[in-house]
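Listed below are the residues making up each chain.
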Amino acid sequence: MADTITPREEDYSQWYIDLVRSAKLADYSDVRGCMVIRPNGYAIWEKMQAALDGMFKATGHVNAYFPLFIPESYIQKEADHIEGFAPECAVVTHGGGEELAEKLYVRPTSETVIWASYKKWIQSYRDLPLLINQWANVVRWEMRTRLFLRTSEFLWQEGHTAHATPEEAQEEVLRMINVYKTFAEEYMAMPVLIGRKTESEKFAGADETWCIEAMMQDKKALQAGTSHNLGQNFAKAFDCQFQSKKGTLEYVWATSWGVSTRLIGALIMAHSDDKGLVLPPKLASRQVVIVPILRGDKQAVAEKAHALADELNSNGIHAFVDDSEQNSPGWKFAEYELQGIPVRLEIGPRDISSNICIAARRDTGEKQQIALDDTFAASISALLDAIQQSMFKSALEFREANTWEVSSYDDFKKSIDKGFLIAHWDGTGETEAKIKEETKATIRLIPEDPDFRKKYSMDEPGICICSGNPSKGKVVFAKAY
RNA sequence: CGGGGUGUGGCUCAGCUGGUAGAGUGCUGCGUUCGGGACGCAGAGGUCGUGGGUUCGAGUCCCGCCACCCCGACCA
């Protein structure tokens, strides 16, 4: 037997760790809180990068790269920013054997170093908008880490844009949070709620933070992406002004937005099961594994398997054959299920003689016969599409089945482990903090999707579940990662 | 930072009242197998986290240190 995975029912947290390690997605490193992303895990990140990068370019953004090291004086320029990030920064004090005149912060995020450049690049309204994205690693010295979900160093992308008007900036904030939503739903097959963060949950240095929130299989919430409206905060901190068409000097309006390797954790916790990883076909670098049953005329079986793989690959489906004789077919079935390959094809002598093969889908485990005629590639392609759709559908059904409206605080406290709770809130930070203190639930977001708001009649005024004060509308509470 | 746990072949771990290190799995070779984690035979592989101490003798007992993991408070 290979590694065994703790069942989700028994210990969800241990299941997650067991899965990450036995599917060879990541390993712990010898440095606290850091992980090695193994090829199986990195392949998922590469697929994510490719899809997102295409979407960023399609919305007019370009890539650039800014330095890892940030002078201490930069970090200190924006008051909320330093307050939010300084405690969790790694700081370089020595270089080349000598103490540095100014400490260098290993970037926890790049607003400051980027705005130092933007100040030099922006003089006129003609220089705007400036739409730049960077793929990079960042370091945050978190107190408690968890593979993919929160590591000391992680990979991400961060978009940083500069605009001439607040309206344009806000449009950008919404455009990008919607790009994330599209990516989460169409590629990750993971439904998300879109909305705003409360004052206490927003990004350090932002006027407003938008986010997408997903529900994991243990019914906890995970923030999967954020898009911030930075107002003129960083422009003022870095004295970045431009001359408008009218000739006046004005501060630039800014946004920033990012998603990280945390998405891999989200993907795992949204779909995978006790047998291992379950990957949506669009994010699987290997979509189909062909396992030949090598008996009888072994060579003929192996050749047929390779011919099928070739046919799939030439139709844009990523297929490969495992014809090694070291491991039995049973071993291969289990191994590729662990690795989350969406479709497995079995082909043996008796299939060849009846001109079929057996297809097993990873998400449901269902097996079906596929005809080996000129409809073959189209059948597999349709099967992959069906898997992608059905994964999204079941995740959505799961979220909907675990979203509840509650109207009393007693009910709220009793229901908090049951998923997303929709309840009235008086809008104050005090109440928010009290609820968090007493129930560990936080306000995940103030949803903006009109259909969602309507479904739960979120715009109707009411009474705050905790304070009993008037509430202008409902928000979504949950325990979160 | 508080609480808990663990450091012994690549991995997971066993090792009792101290006597000079073992299993499963993985790995290498050969052969038989192969439609749900097959089997036989033969091999390779360990300064027992680290520094001291007790002892004729320490993986085991004592003291210190280090590291990592898990559960909480903080965060993407």
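Here the structure is a predicted model, which means the values were calculated and not measured.

*Asks:* So, the pairing of strand E11 (residues 221–231): which residues are in play, and what are the values?
*Replies:* Counting buried positions over the 11 residues of E11 gives 10, a clear majority of the element. Across 8 bridges, the pairing between strand E10 (residues 208–215) and E11 is antiparallel. In the strand pairing of E11, tryptophan 210 is matched with serine 227. Hairpin connection between E10 and E11: a loop of 5 residues separates the two successive antiparallel strands, and lysine 219 in this loop has a positive phi of roughly 75 degrees. With 5 bridges connecting them, E11 and strand E14 (residues 253–260) associate as antiparallel partners. Pairing of histidine 228 across the sheet is with serine 256, part of E14.

*Asks:* Give me the lowdown on helix H14 (residues 429–439), citing residues and values where you can.
*Replies:* Spacing of three or four residues puts side chains on the same side of an α-helix, whose turn is 3.6 residues. Restricting attention to buried positions, one finds in H14 the residues Thr431, Glu432, Ile435 and Thr439. Buried residues along H14 cover an arc of 100 degrees about the axis, so they all sit on one side. Looking at H14, the residues exposed on the side facing more than 90 degrees away from the buried face are Glu430 and Glu437. In the core, the buried residues of H14 are packed alongside helix H13 (409–415), strand E21 (420–425), strand E22 (442–447) and strand E25 (473–478). Positive phi shows up at lysine 440, right after H14, with a value of about 70 degrees.

*Asks:* Run through the layout of surface pockets, naming residues and quoting values.
*Replies:* Counted as a void, the largest pocket has a volume near 1,200 Å³. As for the largest pocket, its lining consists of 39 residues, of which Arg140, Glu142, Glu201, Gln223 and Arg262 are closest to the centre. Elements represented by at least two residues in the lining of the largest pocket include exactly helix H4 (79–85), strand E8 (153–163), E11, E14 and E22. Its residues assigned to classes, the lining of the largest pocket comprises 12 nonpolar, 14 polar and 13 charged. Considered as a void within the structure, the second largest pocket measures approximately 320 Å³ in volume. Forming the boundary of the second largest pocket are 20 residues, of which Ala270, His271, Met391, Ser394 and Ala395 lie nearest the centre. By residue number, the principal contributor to the lining of the second largest pocket is helix H12 (residues 376–401), which donates 6 residues. Considering only residue class, the lining of the second largest pocket consists of 10 nonpolar, 6 polar and 4 charged.

*Asks:* An account of the pattern of salt bridges is needed here, citing residue identities and associated values.
*Replies:* Close approach of charged atoms lets side chains of opposite charge pair. If you walk through the whole model with that rule in mind, you get 26 salt bridges. Note that lysine 298 is salt-bridged to glutamate 325, the shortest N-O span being 3.1 Å. Here glutamate 325 lies in the loop between strand E16 (319–321) and helix H10 (329–338) and lysine 298 lies in helix H9 (residues 298–314), a separation of 27 residues in the sequence. What makes lysine 298 partly exposed here is its relative accessible area of 38%. What makes glutamate 325 exposed here is its relative accessible area of 54%. Between lysine 455 and glutamate 400 there is a salt bridge, with its nearest N and O atoms 3.9 Å apart. With lysine 455 in helix H15 (residues 450–455) and glutamate 400 in helix H12, this residue pair connects regions lying 55 residues apart in the sequence. Look at glutamate 400 and you get partly exposed, because its relative accessible area is 38%.

What counts as what
- Residues numbered from 1 in each chain as written.
- Chains lettered and ligands numbered in written order.
- Predicted model: local features only at pLDDT ≥ 70, side-chain atom pairs only at ≥ 80, totals over all residues.
- Heavy atoms only, no water.
- Buried < 20%, exposed > 50% of the residue type's maximum accessible area, 1.4 Å probe, protein only.
- Helix = DSSP H or I, 4+ residues; strand = E, 2+ residues; numbered from the N terminus.
- Pairing = 2+ DSSP bridges.
- Arc of directions from axis to C-beta.
- Contact = heavy atoms within 4.5 Å.
- 1 Å grid on protein atoms, 1.4 Å probe; cavity = no way out; pocket = protein on both sides within 12 Å on 5 of 7 lines; lining within 4 Å.
- Points joined across faces, edges and corners; volume = space filled by probe spheres on them.
- Nonpolar A, V, L, I, M, F, W, Y, C, P; charged D, E, K, R; others polar.
- Salt bridge = Lys/Arg side-chain N within 4 Å of Asp/Glu carboxyl O.

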